[in-house]
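Commentary on secondary and tertiary structure
Single-letter residue listing:
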Amino acid sequence: LSHNSAQAVTFRVEVDVAGDNAWSEYGRFAVPPGQTVRHLFPDSYSAHWVRLKTDTSTRATAIFTYGPASSEAADPSSQAARGR
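Nothing here was measured: the structure is a model prediction, and the numbers come from that model.

Reading guide: rules and limits
Residues numbered from 1 in each chain as written. Predicted model: local features only at pLDDT ≥ 70, side-chain atom pairs only at ≥ 80, totals over all residues. Heavy atoms only, no water. pLDDT = per-residue confidence, 0-100. Contact = heavy atoms within 4.5 Å. Helix = DSSP H or I, 4+ residues; strand = E, 2+ residues; numbered from the N terminus.

In the predicted model, the protein chain carries a mean pLDDT of 86, and 81% of its residues have values of at least 70. Counting interchain partners and residues more than four positions distant, the pLDDT-below-50 stretch residues 74-84 has 24 contacts.

Written out as structure tokens, the structure is:
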């Protein structure tokens, strides 16, 4: 997650687990200006849809990678494993 704002932006991640338009909040991630925040979903986590909302108007980027975690992301001390 990243953005182009001069102040921190909070991203709210919502999921639709069953694909039935029943959305629930998965988590919130505060992203400081000029930084990228990564999050690793648990291995067994599954949802049909994911959407993001921000607490302020901004131009944002979110990249989702589906597949096995990289060794960096699997390391609990790495930024990729932090988030929630």
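After presenting the structure, the write-up continues.
Bringing the environment of alanine 47 into the picture now. With respect to the element layout, alanine 47 can be found in the loop between strand E3 (24-31) and strand E4 (49-54). Not counting residues within four places of it along the chain, the set of residues in contact with alanine 47 comprises Val15, Asp16 and Val17.

Right, let's get into the environment of isoleucine 63. Note on placement: isoleucine 63 falls in the loop between strand E5 (60-61) and helix H1 (71-74). C-alpha of isoleucine 63 to C-alpha of serine 2: the two residues are 61 residues apart in sequence and 9.3 Å apart in space.

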